[in-house]
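Listed below are the residues making up each chain.
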Amino acid sequence: MNLILFGPPAAGKGTQAKRLVETRGMVHLSTGDMLRAAIASGSALGKRVEGIMARGELVTDEVVISLIEQRLPQLEGTGGAIFDGFPRTLAQAEALDAMLASHQRQVDVVIRLKVDDEALKARVAGRFAQSGRPDDNPQSFAKRLAAYNRDTKPLLPYYEAHGKLVEIDGMASIDAVGAAIDRVITGRPAIS
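Description of the structure in this document.

### A closer look at the overall build of the chain
Tallying secondary structure elements over the chain gives nine helices and five strands in all. Walking the chain from its N terminus toward its C terminus, one meets helices and strands in the order β-α-β-α-α-α-β-α-β-α-α-α-β-α. Taken over C-alpha atoms, the radius of gyration comes to 16 Å for the chain, in line with the 16 Å a tight globule of 192 residues would show. On the principal axes, the C-alpha backbone points of the chain span a range of 40 × 35 × 30 Å. The burial tally for the chain puts 44% of its 192 residues in the buried class. Sequence separation of at least 24 residues holds for 73% of the intrachain contacts in the chain that already meet a minimum separation of 6. A gap of 3 Å separates the mean positions of the 24 positive and 23 negative side-chain charges of the chain.

As structure tokens, this is what we get:
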């Protein structure tokens, strides 16, 4: 099973991905985590993207597609992939379809966590106060949310046209969202 957790920053994608890794043996491919790791390592890529991310801007398609492509071999013998933060543009969605097809795989389902923008802003303010993560500061988050609404949200019709989109109430409790995701994965309809 290969699925995309779709939603704006702070919608709970990482929390749900962690649960799926633990319960289903899936591989979590988070471009945000990969980019933060590159920054922490001090690599050339990390230095290149650090300022971009701190400003709340999107990293180029070329960079994130390359990151995902490097990780695809890890899917062999696993429960599948959870794509988190990828794809963010139509070019990335098309590249993902092609990359997976070259490994005789496909995106099986796209789970959209529907959330309220104002509630997300409050959630991120709390998270920033705890962790101090640079891309969670209120100004950067506002830019990230705007970029999601402008560049990524338009992918919804693409996946809907392919019959892969399922929507879940992302404002529900963590356990309720997890149960709804499990129903989608096992083929039972989600309750949202």
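More follows now that the structure is in view.
### Regarding the sheet that holds strand β5 (residues 165-169)
Here five strands make up an open sheet; going across it, the order is β2-β3-β1-β4-β5 and the pairing parallel. Each edge of the open sheet carries a strand with a single partner, namely β2 (27-30) and β5. With direction set aside, neighbouring strand axes in the sheet form an average angle of 25 degrees. Note: strand β1 (residues 3-6) against strand β3 (residues 81-84), three bridges, orientation parallel. Note that in β3 the partner of L5 across the bridge is D84.

### With respect to the environment of L90
Mapped onto the fold, L90 is located in helix α5 (residues 90-101). Taking the relative accessible area as the measure of exposure, L90 reaches 42% and is therefore partly exposed. Beyond its immediate sequence surroundings of up to four residues, L90 is in contact with L155 and Y158.

### Here we look at the nonpolar core
Residues I68, F83 and L96 are the most contacted members of the largest nonpolar core, which totals 32 residues. When residues of this core are traced back to their parent elements, those giving at least two are β1, β2, α2 (31-41), α3 (44-54), α4 (61-71), β3, α5 and α8 (156-161). Once residues within four sequence positions are removed from consideration, L96 is found in contact with I4, I68, F83, F86, P87 and V107. In this structure, I82, V115, V124 and V177 belong to the second largest nonpolar core, which totals 22 residues.

### Here we look at the packing of α4 against α5
Between α4 and α5, whose axes approach to 10 Å, the crossing angle comes to 25 degrees. Considering their axes alone, α4 and α5 lie roughly parallel with respect to each other. Once α4 is placed against α5, the crossing between them reads as right-handed. Only A91, Q92, A95, L96 and M99 of α5 make contact with α4, whose side of the interface consists of D61, V64, I65, I68 and E69. A per-class count over the contact of α4 with α5 returns seven nonpolar, one polar and two charged.

### So, the pairing of strand β4 (residues 109-114)
With respect to burial, β4 is a largely interior element, five of its six residues being buried. As judged from the four bridges shared by β1 and β4, these two strands associate in the parallel manner. When the sheet's bridge partners are listed, I4 is paired in β4 with V110. The pairing of β4 with β5 spans five bridges and is classified as parallel. In the strand pairing of β5, I111 is matched with V166.

Quick notes on the rules
- Residues numbered from 1 in each chain as written.
- Predicted model: local features only at pLDDT ≥ 70, side-chain atom pairs only at ≥ 80, totals over all residues.
- Heavy atoms only, no water.
- Helix = DSSP H or I, 4+ residues; strand = E, 2+ residues; numbered from the N terminus.
- Rg over C-alpha atoms; globule rule 2.2 N^0.38 Å.
- Buried < 20%, exposed > 50% of the residue type's maximum accessible area, 1.4 Å probe, protein only.
- Contact = heavy atoms within 4.5 Å.
- Lys, Arg positive; Asp, Glu negative; His and termini not counted.
- Charge placed at Lys NZ, Arg CZ, Asp CG, Glu CD.
- Pairing = 2+ DSSP bridges.
- Axes fitted to C-alpha atoms, helices over the stretch in contact; angles between N-to-C directions.
- Core = buried A, V, L, I, M, F, W, Y, C linked by side-chain atoms within 4.5 Å.
- Parallel < 35°, antiparallel > 145°, perpendicular 65-115°, else oblique.
- Left-handed = near helix turned anticlockwise from the far one by under 90°.
- Nonpolar A, V, L, I, M, F, W, Y, C, P; charged D, E, K, R; others polar.

It is worth stressing that arrangement in space is one thing and function is another; only the former is reported here.
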